Amino acid sequence: MEKRKWDMLKEDMMRRLRDLDEEAALLLPDSQRLRLVIVGGGALILMEVIARSTHDIDALAVSPQLRSLLADYDINCDVQAYSCNFAYNYESRLQKLPIDGQVIDFYTASLEDIVIAKLFSIRPQDREDIISPAVIAQLDWEHLHQIAHAPDEVMANVLSDRSYRDFLYDFSEYERRYRPCGN
C-alpha cells in the first residue's frame, strides 16, 4: 500500500511540474533556461523517502519569470523566509529531477540539506519527516556531519550564534538517536 501511495503522490507532483514547464514554454518561448528548486516534504516525496500527503510543493529558489505561474500549480515560494535554515552552499549539492523540461530545470535540495533545514525547524511534521526509516537509511551520515559542523556552511546563513548552538545540540541528539552504528 505504501508504494502505491508513494507512486500516486510522486506522479501528481511530477505532472504538476511538467504542466508548469509546458505553460512556461508557451508564455516564455524565448526565455533562457529557468530553474526551480524544491525543498521540504515535496522534495522528500520526489526522492521517494516519505509518502505523506502535502498540499503544496515548496520551492526555495525560483527563476523570477515563473513566479506568476506558481500558484496555479500549488507551488509555494513563501519558504524563501526559511532560506537561513539551509546551509550556505546548498546549491552545490542540488539533485536534478528526471524531468526533461522545455524551459525549466527542476532540482531538489540534497537529502542532507533538507535534514539540516528541518532540524532548524520547530514544527513537529518536520521532525517526523527526518526520523523516517527511509530518510535515515538513505542519508550519507558522514557528509551530513561534515556539512553540519562546517561553520562556513551552516553558520553563514544562521541568524544568531544562539540559533547555531541550538542547531548543533539538536544535530548531536539526532545523530546520537538515529545514526546507525558503523556509519
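Just above, that's the structure.
Along each chain, residue indices are assigned from 1 in the same order as the chain's sequence is written. Local features in this predicted model are restricted to residues whose pLDDT is 70 or higher, and side-chain atom pairs enter the listing and the counts only when it is 80 or higher, whereas totals over whole chains, interfaces and linings include all residues. Heavy atoms from the whole structure form the basis of all side-chain values; hydrogens and water molecules are not counted.

Enquirer: If you had to explain the overall build of the chain to someone new, which residues and values would you point to?
Expert: Labels follow the DSSP assignment, with helices taken as runs of H or I lasting at least four residues and strands as runs of E lasting at least two, numbered in each case from the N terminus. Of the regular secondary structure elements, the chain holds 7 helices and 5 strands. Starting at the N terminus and walking to the C terminus, you meet the elements of the chain as α-β-α-β-β-β-β-α-α-α-α-α. On C-alpha atoms alone, the chain measures out to a radius of gyration of 17 Å, which is about the 16 Å that the 2.2 N^0.38 rule sets for 183 residues. Over its C-alpha atoms, taken along the principal directions, the chain stretches across nearly 50 × 40 × 25 Å. Taken across its 183 residues, the chain has 51% of its residues classed as buried. Residue contacts follow a heavy-atom distance rule, with two residues in contact if any of their heavy atoms lie within 4.5 Å. Intrachain contacts of the chain at a sequence separation of at least 6 include 69% that bridge at least 24 residues. Accessible surface, the chain: about 9,700 Å² in total, of which carbon and sulfur atoms supply 50%. We score Asp and Glu as negative and Lys and Arg as positive, and we do not count His or the chain ends. For the purpose of locating charges, the reference atoms are NZ of Lys, CZ of Arg, CG of Asp and CD of Glu. Side-chain charges in the chain split into 21 positive and 32 negative, and the spacing between the mean points of these groups amounts to 4 Å. We compute the radius of gyration from the C-alpha atoms alone; for a globule the expected value is 2.2 Å times N to the 0.38, where N is the number of residues. Per-residue accessibility, obtained with a 1.4 Å probe over protein chains only, is compared with the maximum for each type, and a residue is labelled buried under 20%, exposed over 50%, and partly exposed between these values. Computed with the Shrake-Rupley method and a 1.4 Å probe, the accessible areas treat only the protein chains shown as cover for residues.

Enquirer: Could you give me a rundown of the environment of Pro180, with the residues and numbers involved?
Expert: Mapped onto the elements, Pro180 comes out in the segment after α7 (161–178). Taking the C-alpha atoms as reference points, Pro180 and Ile136, 44 residues apart in sequence, are found 8.1 Å from one another. Leave out the neighbours within four places in its chain, and Pro180 touches Ile136 and Trp141.

Enquirer: Explain the pattern of salt bridges to me, and be specific about the residues and the numbers.
Expert: A side-chain nitrogen of Lys or Arg and a carboxyl oxygen of Asp or Glu constitute a salt bridge if their distance falls within 4 Å. Counted according to the given criterion, the structure contains 18 salt bridges. Of the charged contacts, one joins Arg18 and Glu11 as a salt bridge, the two residues approaching to 2.5 Å between their closest N and O atoms. On the accessibility criterion, Arg18 (35% relative accessible area) is partly exposed. Here Asp129 ties to Arg52 by a salt bridge, and the two come within 2.8 Å at their closest N and O atoms.

Enquirer: Before we move on, could you go through the packing of aromatic side chains and cite the residues and values that matter?
Expert: Side-chain rings of Phe, Tyr and Trp (the six-membered ring for Trp) are treated as a pair once their centres are within 6.5 Å; stacked means planes under 30 degrees apart, edge-to-face means over 60, and tilted covers the remaining angles. This model, assessed by the stated rule, comprises 6 aromatic pairs. Centroid distance Phe86 to Tyr90: 5.6 Å. Interplanar angle 50 degrees. Geometry classified as tilted. Both residues of the pair, Phe86 and Tyr90, belong to the buried class. Counting as a charge over the ring demands two things of the Lys NZ or Arg CZ atom: a distance within 6 Å of the ring centre and an angle within 35 degrees of the ring normal. The aromatic ring of Tyr107 is capped on one face by Lys96, whose charged end is 5.8 Å from the ring centroid.

Enquirer: How would you sum up the packing of helix α3 (residues 111–120) against α7? Please name residues and give values.
Expert: At a minimum axis separation of 9 Å, α3 and α7 run at an interaxial angle of 115 degrees. Of the two possible hands of crossing, α3 and α7 adopt the one that is right-handed. Residues Val115, Ile116, Leu119 and Phe120 of α3 form the contact with α7, whose participating residues are Ser163, Phe167, Asp170, Phe171 and Tyr174. Lys, Arg, Asp and Glu make up the charged group, whereas Ala, Val, Leu, Ile, Met, Phe, Trp, Tyr, Cys and Pro make up the nonpolar group; the residues left over, Gly among them, are polar. Tallied by class, the residues present in the contact of α3 with α7 amount to 7 nonpolar, 1 polar and 1 charged. With axes taken as lines fitted to C-alpha atoms, and helix axes fitted only over the stretch in contact, angles between N-to-C directions fall between 0 and 180 degrees. Less than a right angle of anticlockwise turn of the near helix away from the far helix marks a crossing as left-handed, whereas a clockwise turn marks it as right-handed.

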